[in-house]
Each structure stands twice: as structure tokens, then as C-alpha cells.
Amino acid sequence: MEGVLPHRAAQLLGEARRVVIFTGAGMSAESGVPTFRDDLTGLWARFDAQQLATAEAFRTDPDLVWGWYEWRRARVRRAEPNSGHLAITTIESRIPGSTVITQNVDDLHERAGTQAVIHLHGSLFTPRCGTAAAHPATFPDPPDGEPAEPHEGRRISPPRCAYCRAPVRPGVVWFGEALPEAALTAAVEAATACDVLLTVGTSGVVYPAAAIPQIAARSGATVIQVNPQPTPLDRIAAINLRGTAAQVLSTLVATAWR
Ligand code: APR
């Protein structure tokens, strides 16, 4: 990653008082977790993720949808945080009060050691009762806590809620569902208060999450984008770094605090 832009970005990061790091699926790509708009593979190749990630799909075929999320959870549990996730923990330690706002439902930020993570789209690791009561639920994992046999995906009947016997659902936000109010409020507050927002590995096409970088820019923050591809966020980013999360973030942190 050569050129004046990375050095300018590193300088802005090194001088920042409050940083928000806004991440999407590209953040976890180098950990081997496919992005949301990558073509699905294996048994899931004939499905479109955006069709499976809906309450309607779960109502129609709970075993298919639960099986897909359990396959994704097993893949995440076999993955490791990449150097981009680790670079973000360095930013958090260097600039107290930094916040990660993620659209990802994996737990790689937390497993890298990041303390303040806002999940706008929920998590693979917080299953809940499928009724409005949203009773908390736990996974029927084997007693030793090891994930169920990693499988390339199959239909699995979801467990039943211990309180009301309704099917347990993944703790993620499906298309057409509202984002968790507390998470969205905290994310907007953080974006409004930061002076630098790093947007990393998101296509910037799904709202309201994709509004976060725009809220930061409108509040006077400098937006820096990290993505190998152009996205609609190019036009609000002061600096567009064309590269991958692991490579660019590691270089930024090494340059900002050499
Ligand atoms: N490093 C950085 N960015 C990458 C990398 C990488 N190694 N690999 C891919 N990307 C970029 C792609 O260029 C793309 O812009 O990551 C982005 C991934 O985009 P999506 O798959 O659309 O994922 P995301 O932006 O997180 O989707 C947002 O939409 O489908 C819903 O709820 C789902 O949270 C998801 C939301």
C-alpha cells in the first residue's frame, strides 16, 4: 500500500481523539468467513443468502434456516480473528473511547480482544425464542462446549424455547426487521461524536446501517474507507484506501504509532 493517502490516513488516525470503526463482512473475509454477497458454496449454492435471512424463510422452513445458521456458526467457530481485527484492538488501546460498530454477526472482534462492539445486525451467538417475548435461549451444543461436528450444511430442527416451547431462532436481524433500538441509538451517538470514522469491508448498500458513515461525515468527522472495491461510500470518504482489511489496517496502525 504505497502513496500519500495511507500516510495521510495514518496521520489522521494517530491524531484522532475519538475513532469509530464501522465494519462489514469484508472485515472477516481474510479469516475465511465468506462475505454476505459472495456466492454461497456447497449445499447452499442453490440458495440466495438474502432469501434465507428472512423471518418468512424461517416460518416456511425452520429446519433449513436453522441448519444454515448453525453451519455459519460452526464456520465462524473454526475461524480465527485476522490481523485486521488485531489492528483494531490496537486502535482501541491507543485511543480510549473508540467504538467498533459492526454489521457482522460473527464474534471475531470480541475474540480479537476488542471491548466495545456494537452489533447492529445481532449475533450468531445469541439465539432467542422466536415469539415476541424473545425469551433468551442457549445452544444445544455438546456438553464439552465444542461446536457440533462441522458440517457442510444440512437441515437441522431448531431447539424449542424452554419457556414457551416455540422454535428458537438465530439472534440476528433479518431483512425487513428493525435493528435493535439500543444498538442503533449507541451507534448513532458514537458516529456523531467521533472525529475519524474508518469504514472497513462493507458494500454500504444496506440501510439503516449504511447511514452510519454519512452521519459521521455530516457531524464533521473525517471518513476513511478500506475496501478493495469502489462502493457508494466512496463519495463521502475523504480517503479511499483500495486494499484488504488485514493488510491496510495493519499498515495504518504500524505507521500511525511506529
Ligand atoms: N477486506 C476488505 N473488504 C473486503 C474484503 C477484504 N478482504 N473482501 C471483500 N471486501 C468487501 C467487498 O468489496 C464488499 O464491498 O467487503 C464488502 C462486503 O459486502 P457485503 O457482502 O455486502 O457485506 P456487508 O456490506 O457487510 O453487508 C451488509 O447486508 O446482507 C446484509 O445483514 C447483511 O450485515 C449484512 C449487510
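Structure's up top.
Residues numbered from 1 in each chain as written. Predicted model: local features only at pLDDT ≥ 70, side-chain atom pairs only at ≥ 80, totals over all residues. Heavy atoms only, no water.

A word on unusual backbone geometry. Residues apart from glycine generally show negative phi values, whereas peptide bonds are mostly found in trans. Cis geometry is found at the peptide bond from Tyr207 to Pro208, where omega equals 0 degrees. Structurally, the position occupied by Pro208 is in the loop between strand 6 (196–200) and helix 9 (211–218). For Ala134, which is not glycine, the phi dihedral falls at a positive 50 degrees. Mapped onto the elements of the fold, Ala134 is located in the loop between strand 4 (128–129) and strand 5 (168–169). The backbone phi angle of Arg165 is positive, close to 70 degrees, even though this residue is not glycine. Mapped onto the elements, Arg165 comes out in the loop between strand 4 and strand 5. Overall, the relative accessible area of 55% leaves Arg165 in the exposed class. (Helix = DSSP H or I, 4+ residues; strand = E, 2+ residues; numbered from the N terminus. Buried < 20%, exposed > 50% of the residue type's maximum accessible area, 1.4 Å probe, protein only.)

Next up on the list: the packing of helix 6 (residues 83–94) against helix 10 (residues 245–256). Between helix 6 and helix 10, the shortest axis-to-axis distance is 7 Å and the interhelical angle comes to 30 degrees. Taken together, the axes of helix 6 and helix 10 are roughly parallel relative to one another. You can see that helix 6 and helix 10 cross each other, and the crossing is left-handed. For the pair helix 6 and helix 10, contact is made by Ser83, Gly84, Ala87, Ile88, Thr90 and Ile91 and by Ala245, Ala246, Leu249, Ser250 and Val253, respectively. Broken down by class, the residue content of the contact of helix 6 with helix 10 amounts to 7 nonpolar, 4 polar and no charged. (Axes fitted to C-alpha atoms, helices over the stretch in contact; angles between N-to-C directions. Parallel < 35°, antiparallel > 145°, perpendicular 65-115°, else oblique. Left-handed = near helix turned anticlockwise from the far one by under 90°. Contact = heavy atoms within 4.5 Å. Nonpolar A, V, L, I, M, F, W, Y, C, P; charged D, E, K, R; others polar.)

Let us look at the site of the ligand. For the ligand, the set of nearby residues contains 20 residues, the closest of which are Ala25, Phe36, Arg37, Thr202 and Ser203. Within the backbone of Gly201, a nitrogen or oxygen atom sits 3.3 Å from an oxygen atom of the ligand. One of the side-chain nitrogen or oxygen atoms of Thr202 is found 2.7 Å away from an oxygen atom of the ligand. The two domains that each donate at least three residues to the shell around the ligand are domain 1 (1–32 + 81–124 + 178–258) and domain 2 (34–78 + 128–169). (Near = heavy atom within 4 Å. Polar contact = N/O pair within 3.5 Å; in protein donor to acceptor, adjacent residues only side chain to side chain. Domains from an automatic or database assignment.)

Turning next to the sheet that holds strand 1 (residues 19–23). Strand order in the open sheet formed by 6 strands is 3-2-1-6-7-8, with parallel pairing between adjacent strands. Pairing within the sheet leaves two strands with one partner each, and these edge strands are strand 3 (117–119) and strand 8 (239–241). Averaged over all adjacent pairs, the angle separating strand axes in this sheet is 20 degrees, with direction ignored. Of the pairings in the sheet, the one linking strand 1 to strand 2 (residues 99–102) comprises 4 bridges and is parallel in character. Bridge assignment links Val20 to a residue of strand 2, and that residue is Thr99. Helix 8 (residues 181–193) rests against strand 1, strand 2 and strand 3 of the sheet, and its axis sits at about 130 degrees to strand 3. (Pairing = 2+ DSSP bridges.)

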